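So the chains spell out like this:
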2 protein chains.
Amino acid sequence: MDNSVGIVQAQCAQFDTPLTFRSGAVLPRYELVYETYGTLNADKSNAILICHALSGHHHVAGYYEGDTKNMGWWDNMIGPGKPIDTNKFFVVGLNNLGGCHGSTGPSSTNPDTGLPYGACFPVITVEDWVESQARLADRLGIQQFAAVIGGSLGGMQALQWSLAYPDRVRHVLAIASAPRLTAQNIAFNDVARNAILTDPDFHGGDFYQFGVVPTRGLRLARMLGHITYLSDDVMADKFGRELRTEKFNYGYEVEFQIESYLRYQGDKFAARFDANTYLLMTKALDYFDPSHDFGGDLNRAFARATADFLVISFTTDWRFSPQRSREIVRPLLHNRRRVSYAEITSAHGHDSFLMDHAHYFDIVRAYMGNVSKEFTA
Amino acid sequence: MDNSVGIVQAQCAQFDTPLTFRSGAVLPRYELVYETYGTLNADKSNAILICHALSGHHHVAGYYEGDTKNMGWWDNMIGPGKPIDTNKFFVVGLNNLGGCHGSTGPSSTNPDTGLPYGACFPVITVEDWVESQARLADRLGIQQFAAVIGGSLGGMQALQWSLAYPDRVRHVLAIASAPRLTAQNIAFNDVARNAILTDPDFHGGDFYQFGVVPTRGLRLARMLGHITYLSDDVMADKFGRELRTEKFNYGYEVEFQIESYLRYQGDKFAARFDANTYLLMTKALDYFDPSHDFGGDLNRAFARATADFLVISFTTDWRFSPQRSREIVRPLLHNRRRVSYAEITSAHGHDSFLMDHAHYFDIVRAYMGNVSKEFTA
């Protein structure tokens, strides 16, 4: 527990002003669950927003009283003396709207019907999330974030902050991210979605009322996801062709260690995650494309941005490859923005962004050290 | 129809000698469906065996009378004057045992029960296939093949011929193949299998008796497969982020062109392919490892081989990458075998091995031209 922010508490903010989504759908009221670490300084200039990826949530650092094992998902990165230093920064993490960890989402009760939203919960975009996050910032009295930080889908939200609210963010850290998905990425998401959508227990999204959960589909989606988060090499090193038992069993039970690992991960995820949230998250990934309104031109799309940027990619990440990160860097340079770009040599594929890695952490530490010099604690 | 072998006819060979599988299971009798093109020469020295991959079959070249559209799957490669020249060679293509195109497989009637084999059909290996193919060669009076040729899983069978029957094969062409799957490849297969196994319509493999087909699972398996057969680049070129309609529809219907393509491919495949055959094929892929009995040492495994080899890989193939092909080449060189290796620059990923490509075809043509000089037509 050394260097941890220690015991933390989730908080809940209630919003009663309707939020209009990109799709045109309106959410009359909603709740956002969030956590904060560190202290907001007098002029409220040291705030950091952490945006989560597909399966993340508001519990970013520390642990809950009486439950020391449930550490925040980025506790290695965030805490006193850590790369994102809570002695200097006031860090905010939230569960995104549409999530399944406390913020209003498909499994929440729809006040209009008294039933879970299910299929009624509107499809949400990265733009909508940033809108809801800006309202949370208002609530916390934060006019401008020192930095908005995220990996993967979280990086897309950080980028969107720089486009939607250039005045409200001084630095953007986009890690293992992309300006927009490729066809291959959309394809993987579509297979995952189809696994859920065609699960007979999905009931068009209203499975809650049937007392069932589309476990099969969610499990498949996660198994597939896991393959794409790891590198071929790390899988070879970790599992290779190793068998669980000594001999082939010539059947369809678990046989290779990699199968055991994948199924375990799939089962664990399916037991705790909401299928509708999974669908929403993948759609938000697919839709995000800042160049959409600019004829596909990222240079024009990023002309609005005024923040400074740190873009980080990992060599073996093939889901969000270094090439994708360079597609963020290029239009920023074109617009003469200040951009630092680091391509980290790491064996761990897309998952690298969540892991301890000296070079990666040193870069974030150095960058955030400079950010902290811009204000008085 | 120019340069096609023209009208062909499938034939059927009945085998009444029991075949013992690697698993210990015994198939008392079985049928193999096959086709032949060209003429077997007097000393039966010009025979070629074509081994098929996951979804292939015996209809390799030409077309059936009255059905000119149903061309063989490798008609571009095989025919008079083509790289595998039927003016010189006698070419044999078969549907593998366990298949779903006429050879005995899970959907065939089990004579013991009068019902489809279903779950009773034994798990089959590449070694078992080669055994059954050798019996077909016996039946056709072919003591030694001039060449055994295959792509992907077919390449594994070609390699196995050189190990199980070194005296019966003079040349092996292993295209877009691997000596053994990596953990990542096994992982993709396991997700595909789980999609089928957990489909409620699978009924443990005995779905035939329930009048249903595990379409959902088979469809997902094929969609996933398709992603891995194409390169990221070719998907980007062909589909990119293009939408089917002008605007986002903010729902889960088909929206991006890539989704439309994948679902179409999935539906088409699920309507015609047998789910149990799919499972068997992927397991055969996973199991194949000539080094299994040699402590993982491919050098020792390939010591038995005496054939000459042509190994071909494609630069953008990430399912069976060039690295995997080099893992075939290395132990062959170690054993001082004659090996030619070509790494073809192609944008089309794993599917390249089925496509017209001047450089690729020239190499096969040149190699097979030399093979044809070894005998008198």
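Here the structure is shown first, and the text comes after it.
All of these numbers come straight from a predicted model, not from anything done at the bench.

1. A short note on the relation of the copies chain A and chain B
Screw-axis analysis of chain A against chain B gives a translation of 0.0 Å along the axis, an RMSD of 0.0 Å, and a rotation angle of 180°. Given the turn and translation reported, the copies of this chain are related as if by a two-fold rotation axis.

2. Describing the environment of B:His350
Residues and elements named next belong to chain B. Take His-350: it is sitting in the loop between β14 (339–344) and α10 (358–372). When the C-alpha positions of His-350 and Tyr-229 are compared, they lie 4.6 Å apart, and in sequence the two are 121 residues distant. Beyond its immediate sequence surroundings of up to four residues, His-350 is in contact with Ser-152, Ala-176, Thr-228, Tyr-229, Asp-317, Arg-319 and Phe-320. Among the polar contacts made by the side chain of His-350, one reaches the side chain of Ser-152 at a distance of 2.8 Å.

3. Comments concerning the sheet that holds strand β4 (residues 30–37) of chain B
Residues and elements named next belong to chain B. The mixed open sheet is built from 8 strands, whose spatial order is β1-β4-β8-β5-β11-β12-β13-β14. The open sheet has two edge strands, β1 (11–15) and β14, and neither has a second partner. Geometrically, the sheet is characterised by an average inter-axis angle of 20° between neighbouring strands, direction not taken into account. Strand direction decides the pairing type here: β4 and strand β8 (residues 90–94), joined by 4 bridges, are antiparallel. What sits directly across from Thr-36, in β8, is Val-92. Most of the contacts of helix α9 (residues 322–334) go to β14, to which it runs at about 165°, and overall it touches β12 (169–175), β13 (308–314) and β14. Across the sheet, α10 is in contact with β5 (47–51), β11 (145–151), β12, β13 and β14; its angle to β13 comes to roughly 175°.

4. Here's the deal with the interface of chain A and chain B
Between chain A and chain B, the residue contacts involve 55 residues of the former and 55 residues of the latter. Regarding the contact of chain A and chain B, the summed buried area is about 4,900 Å², with carbon and sulfur atoms giving 65% of it. Considering only the side of chain A, the residues that lose the most area to chain B are A:Arg241, A:Tyr250 and A:Tyr252, jointly responsible for 17% of the buried surface there. On the surface where chain A and chain B come into contact, there are 12 salt bridges. Where A:Asp190 meets B:Arg263, a salt bridge forms, and the shortest distance between an N and an O atom there is 2.7 Å. Along the contact surface separating chain A from chain B lie 20 residue pairs in polar contact (both at pLDDT 80 or more). Listed by contribution, the elements that provide at least two residues to the side of chain A that touches chain B are α3 (183–197), α4 (215–229), α5 (232–238), α6 (257–272) and α7 (275–287) of chain A. Counting residues per element, the side of chain A that touches chain B draws most heavily on α3(A), at 11 residues.

5. Here's the deal with the packing of α3(A) against α4(A)
Residue and element names in this part refer to chain A. Look at α3 against α4: their axes get within 7 Å of each other, and the N-to-C directions meet at 160°. As summarised for this structure, α3 and α4 are arranged roughly antiparallel, according to the angle between their axes. Considering how the two elements wind past one another, α3 and α4 form a crossing that is right-handed. Note on element contacts: α4 touches α3 through Gly-217, Leu-218, Leu-220, Ala-221, Leu-224 and Thr-228, opposite Phe-188, Val-191, Ala-192, Ala-195 and Ile-196. Looking at the contact of α3 with α4, its residues break down into 9 nonpolar, 2 polar and no charged.

Criteria and cut-off values
- Residues numbered from 1 in each chain as written.
- Chains lettered and ligands numbered in written order.
- Predicted model: local features only at pLDDT ≥ 70, side-chain atom pairs only at ≥ 80, totals over all residues.
- Heavy atoms only, no water.
- Least-squares fit on C-alpha atoms with pLDDT ≥ 70 in both.
- Helix = DSSP H or I, 4+ residues; strand = E, 2+ residues; numbered from the N terminus.
- Contact = heavy atoms within 4.5 Å.
- Polar contact = N/O pair within 3.5 Å; in protein donor to acceptor, adjacent residues only side chain to side chain.
- Pairing = 2+ DSSP bridges.
- Axes fitted to C-alpha atoms, helices over the stretch in contact; angles between N-to-C directions.
- Buried area = accessible area lost by both parts, 1.4 Å probe.
- Salt bridge = Lys/Arg side-chain N within 4 Å of Asp/Glu carboxyl O.
- Parallel < 35°, antiparallel > 145°, perpendicular 65-115°, else oblique.
- Left-handed = near helix turned anticlockwise from the far one by under 90°.
- Nonpolar A, V, L, I, M, F, W, Y, C, P; charged D, E, K, R; others polar.

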